[in-house]
Protein chains: 2
Amino acid sequence: MDLQTIRVELQASPYPVIIGSAALLSLGDQIRGLGFKAGTKVLLVTNAVVEAHYGASALQSLSEACLDASTLVIEAGEDQKTPATVGLIHDAAFARRLERGSLIVALGGGVVGDMAGFAAATWLRGIAVVQVPTTLLAMVDAAIGGKTGVNHPGGKNLIGAFHQPRLVLIDPSSLATLPEREFRAGMAEVIKYGVIGDPELLAELEASGPQLASLNTLSAELLQRILVRSAAAKAKVVAADEHEGGLRAILNYGHTLGHVVETLCGYGTYLHGEAVGLGMLAAGEISLAMGLWSASDQARQRTVIAAAGLPLAWPALNPDAVLACLQGDKKVREGQVRFVLPTGIGRVEIRSDVSEATIRSALASCA
Amino acid sequence: MDLQTIRVELQASPYPVIIGSAALLSLGDQIRGLGFKAGTKVLLVTNAVVEAHYGASALQSLSEACLDASTLVIEAGEDQKTPATVGLIHDAAFARRLERGSLIVALGGGVVGDMAGFAAATWLRGIAVVQVPTTLLAMVDAAIGGKTGVNHPGGKNLIGAFHQPRLVLIDPSSLATLPEREFRAGMAEVIKYGVIGDPELLAELEASGPQLASLNTLSAELLQRILVRSAAAKAKVVAADEHEGGLRAILNYGHTLGHVVETLCGYGTYLHGEAVGLGMLAAGEISLAMGLWSASDQARQRTVIAAAGLPLAWPALNPDAVLACLQGDKKVREGQVRFVLPTGIGRVEIRSDVSEATIRSALASCA
Ligand SMILES: NC(=O)c1ccc[n+]([C@@H]2O[C@H](COP(=O)([O-])OP(=O)(O)OC[C@H]3O[C@@H](n4cnc5c(N)ncnc54)[C@H](O)[C@@H]3O)[C@@H](O)[C@H]2O)c1
Ligand SMILES: NC(=O)c1ccc[n+]([C@@H]2O[C@H](COP(=O)([O-])OP(=O)(O)OC[C@H]3O[C@@H](n4cnc5c(N)ncnc54)[C@H](O)[C@@H]3O)[C@@H](O)[C@H]2O)c1
Ligand SMILES: [Zn+2]
Ligand SMILES: [Zn+2]
């Protein structure tokens, strides 16, 4: 399949998202195509699982393009997304004598992408980074847009920086080894793009039915289209609002309540995408209760989430705890909880007038 | 004396540098004037020495302006400019529940400014910072321009970010308690501005003669003019080249060779400004050897550096070590050492064609 390119049209630093099977084999050439000269130092950051599957291909592509690459393997897992891990990447950057013109390549899921991205943002006050996401979630979301996050003992992603990549390279064939549960979780973000802004994408997801739940049943063509449309959706929002001043908030659809699920159930009980699926369902219930959208649209959303094999039933959480957690959420502005609420398939509104009673009744409908 | 304002004319985020005696007492009002509402959380970061002298005034001004301020005292000293100190500021930001709309105020020298600035750059992906410099060096250089740096075991300022302050507030009266040697070191950066771009400033420094060497002998009017002209010089270069793509390199005048002195003599032997003074003298000798400027201009530069009470004689360094150190400097591009060389009082050029022999002979003239 040919490679397709979506451009993230930022004024200061536009960059391409290149998508297609075997894209990984072109990594080195694509980097040279950006203007990096032969001999440029490249620090490839990855974790052991991803390294075992794709490290050799990536390194070979970099070497064949005459880039001076070496690998740093960090530990896998959300609990490694710490300042200490950033320190290890900085140490490697120093040991390899990375210069202003050098490059860090992140090969892995969102954890590797965030760690390598933040380390690049803060080494020599910012060196170039290329994102090569290998999870569905990272492909459609984390790798695009320049947000990087590091966890603080007080909360997820409290530390971070905006640092746009120079290139995002998405090779769908690297999903072959991804655990199915991770794949399904990533699909929640794809569904999100459909609901917030792309009715055609949502229709296509609906049409494919339970195929969605596994890479094995999804055609390569459909996967490619999903990746391209998702990247395009994210690119459009990012280009309009690079630093999350306004519009970008719509990407938080499903995330405010999803975050509550993640927090109250303990990180790890639900994968992020699973919690986002639950959050979208709850946001839909709020919309329904407020008369903002129809029961049939909520049913469509629910059917797609079900087809993707994502959980549908909210965990048994104490509503008081949910409300307290919402108040503590960092998306809160001046005491008002802001919700991204669907008003139709492909349309959302940001509302801060959701009453406590509405939230309680929506939660009851979700159980 | 009235407050004077210099604007740093950045497209995305212009900001004022406010200069004048008793400016500190207006800190809270100035912050409110930027649009921060009553009740905004402010984390005042300082060190124990500065806190003892100016902490109460700063806090009082913040409280009187109805800002919700509290203080974090970090340890003084260059050896505290570490990721661990950044972590302490992040911990305080969390403990105080700083939000996107909150503010960090840096009250102190360049170390406090860099630490607080970097912590602000990386908390919640960037919250506002106000710089209140209390050393001459920080007033004329570190606090303006948005560069922040954190030391890595491998070298100074290897970690960092660009993060422009929302306001720089300079109160010359806070220099009253600064050790004289620190004051003189800061004067080296003032002389730098004269040589690289402001012949009138240099003439004024010349005219004031040995007054320059101490705050006690300098008139308040001249100090104010020095601060205003230096801030204006820095602001102009920063506005033209926010991220050090080109022009901003001229601010490194005296720094390439100064850095060698700092490194080879061990950090702490010479203060940064003292090393910069030596670096300017050596750069002048290189210019002289290359026929780029005159012996009389070099003599003028030397006289002003002497009047400021700065060291004039290079330490006895092995020239081979100096050359090796220059090669390892991060200002090196593709193997060529780039020097900022004076071509007249108020004019510099960036050259990467300085031969090893020229460097050796310039060093010999400096001893
Ligand atoms: N920066 C952003 O804009 C942004 C957006 C969304 C999420 N995130 C962050 O991303 C992280 C979640 O990302 P994630 O879901 O990719 O998790 P992850 O990076 O932890 O990857 C999930 C698991 O899959 C493994 N893995 C990755 N690729 C694989 C492959 N091709 N084959 C086999 N195993 C593979 C990983 O080793 C890991 O165990 C969170 O930390 C989140 O905060 C960031
Ligand atoms: N970010 C930039 O653009 C930039 C530019 C230049 C230098 N810097 C950094 O700045 C640092 C040097 O700054 P500095 O020279 O201000 O050093 P500093 O911050 O260490 O201050 C020097 C000493 O003076 C004390 N002090 C500060 N103000 C005082 C006052 N009013 N009265 C009494 N004592 C006072 C401090 O406690 C300290 O002991 C270096 O780390 C350097 O890398 C940054
Ligand atoms: Zn998400
Ligand atoms: Zn300096």
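Description of the structure in this document. The structure displayed is predicted, hence computed values, not measured ones.

Side note on unusual backbone geometry
Residues and elements named next belong to chain A.
- A positive phi angle, close to 55°, is found at Leu 124, a residue other than glycine.
- Positive phi values are uncommon outside glycine, yet Asn 157 reaches one of about 55°.
- Inspection of the secondary structure assignment puts Asn 157 in strand 8 (residues 155-162).

Some remarks on the coordination of the zinc ion (ligand 4)
Residue and element names in this part refer to chain B.
- Taken together, Glu 189 (OE), His 255 (NE2) and His 272 (NE2) make up the full set of protein donors to the zinc ion (ligand 4), lying 2.0 to 2.1 Å away.
- Counting residues between consecutive donors of the zinc ion (ligand 4) along the chain gives the motif E-x65-H-x16-H. Taken together, the residues His 255 in helix 9 (residues 255-265) and His 272 in helix 10 (residues 272-289) connect sequence positions 17 residues apart.
- On the basis of relative accessible area, His 272 is assigned to the partly exposed category, the value being 29%.

Observations concerning the site of ligand 1
Residues and elements named next belong to chain A.
- If you check the shell around ligand 1, you find 24 residues, and the closest are Glu 78, Gly 110, Thr 134, Thr 135 and Thr 177.
- At a separation of 3.3 Å, an oxygen atom of ligand 1 approaches a polar side-chain atom of Asn 157.
- For ligand 1, a nitrogen atom lies 2.9 Å from a polar atom in the backbone of Ser 174.
- With the chains in place, 87% of the 860 Å² that ligand 1 exposes on its own is no longer accessible.
- Split by residue class, the shell around ligand 1 holds nine nonpolar, eight polar and seven charged.

Considerations on the pairing of strand 1 (residues 4-8) of chain B
Residues and elements named next belong to chain B.
- As paired elements, strand 1 and strand 2 (residues 15-19) share five bridges and run antiparallel to each other. Paired with Thr 5 across the two strands is Ile 18, which belongs to strand 2.
- If you look at the hairpin formed by strand 1 and strand 2, you'll find six residues sitting between the two strands.

Topic: the site of ligand 2
Residues and elements named next belong to chain B.
- The local shell around ligand 2 holds 24 residues, among which Glu 78, Gly 110, Thr 134, Thr 135 and Thr 177 are the closest.
- Glu 78 places a side-chain nitrogen or oxygen 2.6 Å from an oxygen atom of ligand 2.
- Elements supplying a minimum of two residues to the shell around ligand 2: helix 2 (48-64), helix 4 (110-122), helix 5 (136-142) and strand 8 (155-162).
- Among the residues forming the shell around ligand 2, the class breakdown is nine nonpolar, eight polar and seven charged.

What to know about the pattern of salt bridges
- According to the stated counting rule, one finds 30 salt bridges over all chains in the structure shown.
- A salt bridge links Asp 353 of chain A to Arg 351 of chain A, with the shortest nitrogen-to-oxygen separation between them at 3.0 Å.
- When the shortest N-O distance is used, the salt bridge between Asp 320 of chain B and Arg 360 of chain B registers 2.8 Å. Taken as a pair, Asp 320 of chain B in helix 12 (residues 319-328) and Arg 360 of chain B in helix 13 (residues 356-366) lie far apart in primary sequence, 40 residues in all.
- Under the relative-accessibility criterion, Arg 360 of chain B is labelled partly exposed at 31%.
- Among the charged side chains, a salt-bridge network with shared partners connects Asp 198, Glu 200 and Arg 229 of chain A.

What counts and what doesn't
- Residues numbered from 1 in each chain as written.
- Chains lettered and ligands numbered in written order.
- Predicted model: local features only at pLDDT ≥ 70, side-chain atom pairs only at ≥ 80, totals over all residues.
- Heavy atoms only, no water.
- Helix = DSSP H or I, 4+ residues; strand = E, 2+ residues; numbered from the N terminus.
- Donors = N, O, S within 2.8 Å, 3.2 Å for Na, K, Ca; no water.
- Buried < 20%, exposed > 50% of the residue type's maximum accessible area, 1.4 Å probe, protein only.
- Near = heavy atom within 4 Å.
- Polar contact = N/O pair within 3.5 Å; in protein donor to acceptor, adjacent residues only side chain to side chain.
- Areas by Shrake-Rupley, 256 points an atom, 1.4 Å probe, with all protein chains shown as cover.
- Nonpolar A, V, L, I, M, F, W, Y, C, P; charged D, E, K, R; others polar.
- Pairing = 2+ DSSP bridges.
- Salt bridge = Lys/Arg side-chain N within 4 Å of Asp/Glu carboxyl O.

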